[in-house]
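Secondary and tertiary structure notes
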Amino acid sequence: DTEVTQTPKHLVMGMTNKKSLKCEQHMGHRAMYWYKQKAKKPPELMFVYSYEKLSINESVPSRFSPECPNSSLLNLHLHALQPEDSALYLCASSQEGQGYQPQHFGDGTRLSIL
Amino acid sequence: QKEVEQNSGPLSVPEGAIASLNCTYSDRGSQSFFWYRQYSGKSPELIMFIYSNGDKEDGRFTAQLNKASQYVSLLIRDSQPSDSATYLCAAPNTGGFKTIFGAGTRLFVKA
């Protein structure tokens with residue numbers, strides 16, 4: 001059983017749609033992450049929140065907008081996405097927002113852009 | 001030079017054999033290293049982490065860290081077909097602000 005829960009598991013959207021990905025962790029962690037993963041590639045970091053504040057934005061296009069309502073919740077708002085944005089989107093959490101902490105991943109949302 | 005490097009494989013071993021997965025890193029100051037297992041179509045799962053030189057064992061898995069040579073390895077004893085997956089090595093970047101993943105090694109265990 002994963003302690004990081006992502007919804008929805010699958011999402012198909014058109015390029016003009018607005019949708020949101022949601023993530024919730026029940027591990028008491030203070031850092032949460034969004035990753036994008038393409039097939040046969042490692043996860044690619046997008047955003048890091050530490051103590052509910054955005055600490056890292058890896059130069060992600062503005063059509064991706066993260067939000068951290070509290071330390072347990074993380075959202076990723078999507079708008080005007082491109083076909084190349086189709087990927088597996090992974091949420092993760094760790095005790096603190098630093099690279100020497102192990103991260104725990106949710107099951108991911110598989111996103112397809114038509 | 002990439003910060004974390006792995007041989008992408010595939011690595012093929014027979015059932016019951018020892019699978020040896022290797023990873024090198026460039027930052028001598030790195031203090032912690034992680035191994036994640038990822039089944040096809042699934043998310044990465046943390047299986048081992050190691051902070052100190054030497055070996056760390058957990059069931060059939062052993063992580064080995066050699067800071068002088070800047071490599072970390074994962075040994076899987078008595079490999080099973082269910083171990084077939086991609087194994088991702090990860091370490092902090094220079095400065096320790098985020099985790100860098102290697103490209104992953106695909107492992108196939110043949111029954």
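Residues numbered from 1 in each chain as written. Chains lettered and ligands numbered in written order. Predicted model: local features only at pLDDT ≥ 70, side-chain atom pairs only at ≥ 80, totals over all residues. Heavy atoms only, no water.

Quick notes on unusual backbone geometry
The residue after threonine 7 of chain A, namely proline 8 of chain A, is reached through a cis peptide bond having omega -10 degrees. Note that proline 8 of chain A resides in the loop between strand S1 (4-7) and strand S2 (10-13). Although it is not a glycine, glutamine 70 of chain B adopts a positive phi angle of roughly 60 degrees. Along the polypeptide, glutamine 70 of chain B turns up in the loop between strand S7 (61-66) and strand S8 (71-76). The backbone phi angle of aspartate 78 of chain B is positive, close to 50 degrees, even though this residue is not glycine. Within the element layout of this structure, aspartate 78 of chain B appears in the loop between S8 and strand S9 (85-92). Residue classification places aspartate 78 of chain B among the partly exposed residues on the basis of a relative accessible area of 41%. (Helix = DSSP H or I, 4+ residues; strand = E, 2+ residues; numbered from the N terminus. Buried < 20%, exposed > 50% of the residue type's maximum accessible area, 1.4 Å probe, protein only.)

What about the state of the cysteines?
Across all of its chains, the model carries two disulfides over all chains by this definition. With its sulfur 1.9 Å from that of its partner, cysteine 23 of chain A forms a disulfide with cysteine 91 of chain A. Taking the sign of the S-S torsion, about -75 degrees here, the bridge from cysteine 23 of chain A to cysteine 91 of chain A comes out left-handed. A residue pair is termed long-range when its members are at least 10 positions apart, and cysteine 23 of chain A in strand S3 (residues 18-25) and cysteine 91 of chain A in strand S9 (residues 87-94) qualify at 68 residues. One exposure class covers both cysteine 23 of chain A and cysteine 91 of chain A, and it is buried. Across a sulfur-sulfur distance of 2.1 Å, cysteine 23 of chain B and cysteine 89 of chain B are joined as a disulfide pair. Measuring handedness by torsion sign, the sulfur bridge of cysteine 23 of chain B and cysteine 89 of chain B sits at about -75 degrees and is left-handed. Placement of cysteine 23 of chain B in strand S3 (residues 19-25) and of cysteine 89 of chain B in strand S9 is noted, with a sequence separation of 66 residues between them. (Disulfide = S-S within 2.5 Å.)

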